[in-house]
Amino acid sequence: MGQLNSMDLPERGTPSATVAAVPSKSHWWLWVLVLGVVAFGGWYYYSSRSASQAANSAAPGTASKGKGGSGAGGLVVPVVVAAAQRGDLPVYFNGLGTVTAFNTVTVRSRVDGQLISIAFKEGQFVHEGELLAQIDPRPFQVQLAQALGQLAKDQAQRRDAEVNLERFKLLFKEGVIPQQQLDTQAALVGQFDGAIASDQSQIDNAKLQLTYSRITAPISGRIGLRLVDVGNIVHATDATGLLVITQLQPISVIFSLPQDQLPDVNAKLRSGVQLTVDAYDRDDTAKIASGKLQTIDNQIDLTTGTYKLKSMFANADNSLFPNQFVNVHLLVDTKHNLTIVPTAAIQRGPQGTYIYAVAKDPTGKDIIAKIYPVTIAQTTGNSVGLSAGLNPGDMVVIDGQDKLQDGTKINPSTSTGTNGGGRNAAASPSPAQAAPQPGSPAKGRAGGSPK
């Protein structure tokens, strides 16, 4: 037992057990240090953030209220303005069209033969009746000579038969020959008359073949690429032909419009009004030519819900080309006496359409932006015609509306662009020029600001 006790672990209460327990309790100060560092970091972060917010709040010229509003520093928003004008605004129906040649002819040979000459150049403008090509005429000249020879023969035989008929008549009166012999001779003369008429038709046919051997232009227009070269044998049954002529003056444009616009166009045509059609390029920016509406199709396309219209253009400068794609603007009507503003001035909200107009605050010292509801009558291009809500001469904001509210102080400047909301602006006008004076059309409008 004594040996076992000496080899066993130290018993409780012995000095060695006390010494072994001391190191496990000696690391508590590390946790205290970590908590202290975390607390100091949090205090430093929040104190620096509060100081930054206080500095920003005390800075001059910063707005503390809503978007674009007059804050503690009295913020003035720079904007671009334009004047509303009284005028007329056209009503256009816009569609996509294709230029189509007024007449297209594939020139073919009407006789069989060898092509011996070509009298045109590719891309040349020709007039009706001009020589284009020549077929070898010698076979037809031979046919004509044969027909003329046969005619001479039949004419000689007829003269002989006619002389014999006169003799038979005398002999019949004297009773020498019977009636049957006289009638037979008369029939022979009639046969030669028929042969002579047939010969004459053969002559005319040969002359016609000679005429057809000279191929002339059936219409005036522009020649395309040559389809057959000199030396080839051509036939009247050839499908390709010799060349193609397209008539460019005048020329037509076929375009489509939605079926909802058919009543307005049809009413104008029935009243005898000639509607103007403008053709623009593919980008719909440059005007190519102006023409007149000729007619509309007799049915609506069920697959697209559109109907086709055909317009005519003089095309004196050949600016339109067959199969060219164009944007078509059909002038249907004109709205008169509208208040016209740039499209950039129009704003839309839950209460409807409105604009920001330049006005003075109640004290008459500051220039502010005032909201006015408006009624749109017509939109054409970059211009909008208003029928209510604004008067001619009022200054409207066309750029900078995103920073405005009703009553925001503004610094207006006129735009150097055209009907745009661009940021190129001239020098700012004086308050007396930019803001309406008391009693001006901007005062006392009906409606008020949208709420």
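Residues numbered from 1 in each chain as written. Predicted model: local features only at pLDDT ≥ 70, side-chain atom pairs only at ≥ 80, totals over all residues. Heavy atoms only, no water.

## Remarks on the sheet that holds strand E5 (residues 125–126)
Put simply, the rule reads: Should DSSP find at least two bridges between two strands, the strands are regarded as paired. Runs of H or I in DSSP of at least four residues are treated as helices and runs of E of at least two as strands, each being numbered from the N terminus.
The strand order across the open sheet built from 4 strands is E3-E10-E8-E5, with neighbouring strands paired in antiparallel fashion. Here the strands that pair on one side only, and so sit at the sheet edges, are strand E3 (104–107) and E5. In terms of strand pairing, strand E8 (residues 221–223) meets strand E10 (residues 243–246) through 2 bridges, oriented antiparallel. Bridge pairing in E10 places Arg222 opposite Thr246.

## With respect to the pattern of salt bridges
Here is the rule we go by: In the sections that follow, a salt bridge refers to a side-chain nitrogen of Lys or Arg positioned within 4 Å of a carboxyl oxygen of Asp or Glu. Three exposure classes are used, based on accessible area relative to the maximum for each residue type with a 1.4 Å probe and protein chains only: buried under 20%, partly exposed in between, and exposed over 50%.
All told, the structure shown has 9 salt bridges when counted by the stated rule. Arg158 is the partner of Asp193 in a salt bridge, and the nearest nitrogen-oxygen pair spans 1.9 Å. Of the two residues, Asp193 is situated in helix H5 (residues 179–212) and Arg158 in helix H4 (residues 138–173); the sequence distance between them amounts to 35 residues. Taking the shortest distance from any N to any O, the salt bridge between Glu166 and Lys169 comes out at 3.9 Å. Of this pair, Glu166 and Lys169 both sit in helix H4, 3 residues apart, which is roughly one turn of the helix. Residue classification places Lys169 among the partly exposed residues on the basis of a relative accessible area of 36%. A single salt-bridge network, built from bridges that share partners, covers Arg158, Glu162 and Asp193.

## Considerations on the nonpolar core
In globular proteins that are soluble, nonpolar side chains generally tend to be buried together. Test applied: We call a set of buried residues a nonpolar core when its members are Ala, Val, Leu, Ile, Met, Phe, Trp, Tyr or Cys and they connect through side-chain atoms within 4.5 Å of each other. Every residue pair with non-hydrogen atoms within 4.5 Å of one another is taken to be in contact.
Ranked by internal contacts, the top residues of the largest apolar core, which has 24 residues, are Val265, Leu293, Leu309, Phe313, Leu320 and Leu330. Of all elements in the fold, only strand E2 (85–101), strand E11 (251–258), helix H6 (262–270), strand E12 (276–280), strand E13 (287–301), strand E14 (306–313) and strand E15 (325–342) reach the threshold of two or more residues within this core. Ignoring any residue separated from it by four or fewer positions in sequence, one finds Phe313 in contact with Pro250, Ile251, Val253, Val277, Ala279, Ala289, Ser290, Gly291 and Leu320. Judged by nonpolar contacts, the second largest core, of 18 residues, contains Val111, Leu132, Ala133 and Val234.

## Details of H4
This is how it is decided: The span one expects for a helix is its residue count, reduced by one, times 1.5 Å.
Over its 36 residues, H4 extends 53 Å from the first C-alpha to the last, a length consistent with the 52 Å expected when each residue adds 1.5 Å. All of the buried residues along H4 are Phe140, Leu144, Ala147, Leu151, Asp154, Ala161, Leu165 and Phe168. Contact partners of the buried residues in H4: H5. The first or second residue beyond H4 is Gly175, which carries a positive phi of 80 degrees.

## So, the sheet that holds strand E9 (residues 233–234)
Across the sheet, which stays open at both edges, the 4 strands sit in the order E7-E6-E4-E9 with antiparallel pairing between neighbours. For this open sheet the edge positions go to strand E7 (214–216) and E9, each flanked by a neighbour on one side alone. Bridge count for strand E6 (residues 131–135) against E7 is 3 bridges, and the pairing is antiparallel. The residue bridging Gln134 from the neighbouring strand is Arg214, located in E7.

## Comments concerning the pairing of strand E21 (residues 395–399)
The buried count for E21 comes to 5 of 5 residues, which makes it a mostly enclosed element. Relative to E21, strand E1 (residues 77–83) is paired through 4 bridges, and the arrangement is antiparallel. Note on E21: the bridge partner recorded for Ala83 is Met395.

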